[in-house]
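# Notes for the structure review
Spelled out, the chains give:
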Amino acid sequence: MKTYLLSALFSVWINLINGISIQLMPEYPVDNQPVTLSVSGVIGIIESFSWYKSSTVVNSSLILTYNSSSYTETQGPQYFSRASGLPDGSLSISTIYTTDQTYYTVQVEADSLTVDTIYLRVYVPVTKPEITASLWPEELEYNLTCRENNAEKILWNRIDGRFPSGVIFSNNNRTMTIPKFIKSDAGQYQCEVENTISKNISDLYMLSQYCVCTDPPADNTVGILAGIICGTIAGIALIASVTFLLYTKYIHPVKQANTGQFNDKQDPSATYDTITGRGEGMQHRQQHQQDHTYCDLKI
């Protein structure tokens, strides 16, 4: 027992002095691509080595053990067919996936027993981002969001001018907020995303404003209701005008002729012109009122 402990301590001491190291090849492994966990710094001839899918040497996390003298490979509980040992102590993985991202430990037996651990991170290239917009009409506030799941860094650009005054960016730069949108803020916007292995840029997003309302209504229902009421009044006025016209032009003259009381001083056409003028004036005022009831702010 004492001999085993002394041997273990000696191995740790040798590892601290000489040590082995693991390098990833390539340095930034990409999802669905091959990777090699390359071992260097081994002193002497390798007799055997073992790889573990954990941060420590634990039998339950053993992937494989390679015996250099017999060139045989023994599979462990965490073995997977994409992994294979190389004679220099390295571990080759033919295709890496995001599910393979974890700690890997190698134990090499040569002139001494040495151990090293590395964290394998699997990178996913960024895709083309998409810009979406939301609007709060009451405050004229725009929120532009750059959507991409694998981005580590997000940058915003405006193609045709300066950024709006008072623009606010979220902590991760994913959302850009324009607190008070004005006509000069309309233009083309773009977001660029990147991570360690790739970058991409969105299509141009055209932010526009077709109608500028200095005092937008809190509820469009008010404008709609006003339009209905005014339209009803205009309809009643039109019906009354037509009825009065028919009466003065056809019915009333006939009654006067039958009774002999026709008044030659009365000009029915003049009465019609007056009523028509009133109807048109009312319609014009109603149309003017409807035009200024509300306006739509569109993206």
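Here goes a summary of the coordinates provided. (Residues numbered from 1 in each chain as written. Predicted model: local features only at pLDDT ≥ 70, side-chain atom pairs only at ≥ 80, totals over all residues. Heavy atoms only, no water.)

## Topic: the side chain of Arg 158
Our working rule: Counting from the N terminus, the helices are the DSSP runs of H or I reaching at least four residues and the strands are the DSSP runs of E reaching at least two. Polar contact is the term for a pair of N or O atoms within 3.5 Å; when the atoms are in protein, one must be able to donate a hydrogen and the other to accept it, and sequence-neighboring residues count only if both atoms are side-chain atoms. The contact criterion used throughout is that any non-hydrogen atoms of two residues lie within 4.5 Å.
Following the sequence through the fold, Arg 158 ends up in strand β12 (residues 153-158). A polar contact of 3.0 Å, which involves the side chain of Arg 158, links it to the backbone oxygen of Ser 184. For Arg 158, the side chain forms a polar contact with the main-chain oxygen of Ala 186, separated by 2.8 Å. Among all residues touching Arg 158, those that are not within four sequence positions of it are Phe 163, Ser 184, Asp 185, Ala 186, Gly 187, Gln 188 and Tyr 189.

## Topic: the pattern of salt bridges
We apply this condition: A pair is scored as a salt bridge if a Lys or Arg side-chain nitrogen falls within 4 Å of a carboxyl oxygen belonging to Asp or Glu. Accessibility here uses a 1.4 Å probe with only protein chains present; expressed as a share of the type maximum, an area under 20% marks a residue as buried, one over 50% as exposed, and anything in between as partly exposed.
Under the definition given, this model contains six salt bridges. Note that Arg 121 and Glu 152 form a salt bridge whose closest N and O atoms lie 3.0 Å from each other. With Arg 121 in the loop between β9 (113-120) and β10 (130-136) and Glu 152 in the loop between β11 (141-147) and β12, this pair connects stretches of sequence that are 31 residues apart. Close ionic contact of Arg 158 with Asp 160 constitutes a salt bridge, the shortest N to O distance being 3.3 Å. Relative accessible area serves as the criterion here: at 14%, Arg 158 is assigned to the buried category.

## Some details on the state of the cysteines
The condition that has to hold: Two cysteine sulfurs form a disulfide in these notes if their separation is within 2.5 Å.
Using the criterion set out here, one finds one disulfide in the structure. The side chain of Cys 146 participates in a disulfide bridge whose partner is Cys 191; the two sulfur atoms lie 2.1 Å from each other. As the torsion about the S-S bond is roughly 70 degrees, the Cys 146-Cys 191 disulfide counts as right-handed. Of the two residues, Cys 146 sits in strand β11 while Cys 191 sits in strand β15 (residues 187-194), which places them 45 residues apart along the sequence.

## Considerations on the nonpolar core
Convention followed: Nonpolar cores were defined as sets of buried Ala, Val, Leu, Ile, Met, Phe, Trp, Tyr and Cys residues, with membership established by side-chain atoms within 4.5 Å.
Grouped together as the largest cluster of nonpolar side chains are 23 residues, with contacts concentrated most on Leu 37, Trp 51, Ile 63, Leu 91, Ile 93 and Tyr 104. Contributions of two or more residues to this core are made by β1 (21-25), β2 (35-40), β3 (48-52), β4 (62-67), β7 (91-93), β8 (102-109) and β9. Leu 144, Ile 154, Tyr 189 and Tyr 205 belong to the second-largest nonpolar core, a separate cluster that totals 17 residues.

## Digging into the environment of Tyr 205
Secondary-structure assignment places Tyr 205 in strand β17 (residues 205-207). Tyr 205 gets classed as buried once you look at its relative accessible area, which sits at 19%. C-alpha separation for the pair Tyr 205 and Leu 144, spaced 61 residues apart in sequence, amounts to 9.5 Å.

## A look at the sheet that holds β10
Condition: Following DSSP output, two strands are said to pair if at least two bridges run between them.
Ordered in space as β10-β11-β14-β13, the four strands form an open sheet in which the pairing is antiparallel. At either end of the open sheet lies a strand with only one pairing partner, and these are β10 and β13 (168-169). Across four bridges, the pairing between β11 and strand β14 (residues 175-178) is antiparallel. When the bridges of β14 are listed, Asn 143 appears paired with Thr 177.

## Comments concerning the packing of aromatic side chains
Note the threshold: What counts as a ring pair is set by centres within 6.5 Å for rings of Phe, Tyr and Trp (its six-membered ring), and what kind of pair is set by the plane angle: stacked under 30 degrees, edge-to-face over 60, tilted for all other angles.
Taken as a whole and judged by the stated rule, the model has five aromatic pairs. Taken together, a centroid distance of 5.6 Å and an interplanar angle of 90 degrees make the contact between Tyr 28 and Tyr 123 edge-to-face. Of the two residues, Tyr 28 is situated in the loop between β1 and β2 and Tyr 123 in the loop between β9 and β10; the sequence distance between them amounts to 95 residues. A residue is classified by how much of its surface remains accessible, and Tyr 28, at 37% relative accessible area, is partly exposed. Given the relative accessible area of 10%, Tyr 123 is considered buried. With a centroid separation of 4.9 Å and 70 degrees between ring planes, the pair formed by Tyr 103 and Tyr 119 is classed as edge-to-face.

## Describing the pairing of β12
Here β12 shows one buried face, formed by Ile 154, Trp 156 and Arg 158, and one open face, formed by Lys 153, Leu 155 and Asn 157. Taken together, the six bridges between β12 and β15 define a ladder with antiparallel strand orientation. Its bridge partner lying in β15, Leu 155 is registered against Glu 192.

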